[in-house]
Amino acid sequence: MNPSGRPELATRILDALDRVLAARRDQDPEASYVASLHHKGMDKILEKVGEEAIETLIAAKNAANVGTDPLVRETADLWFHSLVMLSHLGLSHRDVLEELARRFGVSGHEEKAARDPGRGPQPTAT
């Protein structure tokens, strides 16, 4: 698609990361960070996603003063932990890319209006 090969590179990286996440999911939690997150459960994974989201926001806010390198690093952390979350639920980057492809070419206003009036899924009681 792109002469630079970047889309293919991104796909290869995401596919490789997906394989690593799947392989490490059931490993010894003492030997693998990913396994330790899965072992601790969804609440711990969500805590990490939230932590990385906040750090990403702070890095974006500070980008004008300190540059964008911290923002790129924090975004990578956020993506990584989001992929762990998806993996924990039996999903992958492919599911997200399919949703983005479905939305491509659709006005953001139209897409948002087509969603549930409750503004998306609500947390369920556990």
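Our subject is the structure that appears above.
Basis of the calculations
Residues numbered from 1 in each chain as written. Predicted model: local features only at pLDDT ≥ 70, side-chain atom pairs only at ≥ 80, totals over all residues. Heavy atoms only, no water. Helix = DSSP H or I, 4+ residues; strand = E, 2+ residues; numbered from the N terminus. Buried < 20%, exposed > 50% of the residue type's maximum accessible area, 1.4 Å probe, protein only. Contact = heavy atoms within 4.5 Å. Areas by Shrake-Rupley, 256 points an atom, 1.4 Å probe, with all protein chains shown as cover. Salt bridge = Lys/Arg side-chain N within 4 Å of Asp/Glu carboxyl O. Expected span 1.5 Å × (residues − 1).

**Q** Give me the lowdown on the overall build of the protein, citing residues and values where you can.
**A** Each helix and strand in the protein was counted, giving 6 helices and 0 strands. In sequence order, the protein lays out its α and β elements as α-α-α-α-α-α. Sorting the 126 residues of the protein into buried and exposed places 21% on the buried side. Pairs at least 24 residues apart make up 55% of the contacts formed inside the protein by residues separated by at least 6 positions. Total accessible area on the protein stands at roughly 9400 Å², and carbon and sulfur atoms take up 59% of it.

**Q** I'd like to hear about the pattern of salt bridges, residue by residue, with values.
**A** Should their charged atoms come close, side chains of opposite charge can pair. For the structure shown, the criterion picks out 7 salt bridges. Note that arginine 94 and aspartate 18 form a salt bridge whose closest N and O atoms lie 3.3 Å from each other. In this pair, arginine 94 is assigned in helix α5 (residues 93-103) and aspartate 18 in helix α1 (residues 6-24), connecting sequence segments 76 residues apart. Residue class for arginine 94 comes out partly exposed when judged on its relative accessible area of 38%. Where salt bridges share partners, they join Asp15, Asp18 and Arg94 into one cluster.

**Q** Describe helix α4 (residues 69-88), listing the residues and the values that go with them.
**A** With 20 residues, α4 extends 29 Å between its outermost C-alpha atoms, agreeing within 8% with the 28 Å of an ideal straight helix rising 1.5 Å per residue. Of all the positions in α4, only Glu74, Leu78, His81, Leu83, Val84, Leu86 and Ser87 are classed as buried. Buried residues in α4 make contact with α1, α2 (33-40), α3 (42-66) and α5. Of the residues trailing α4, glycine 90 is marked for its positive phi of about 80°.

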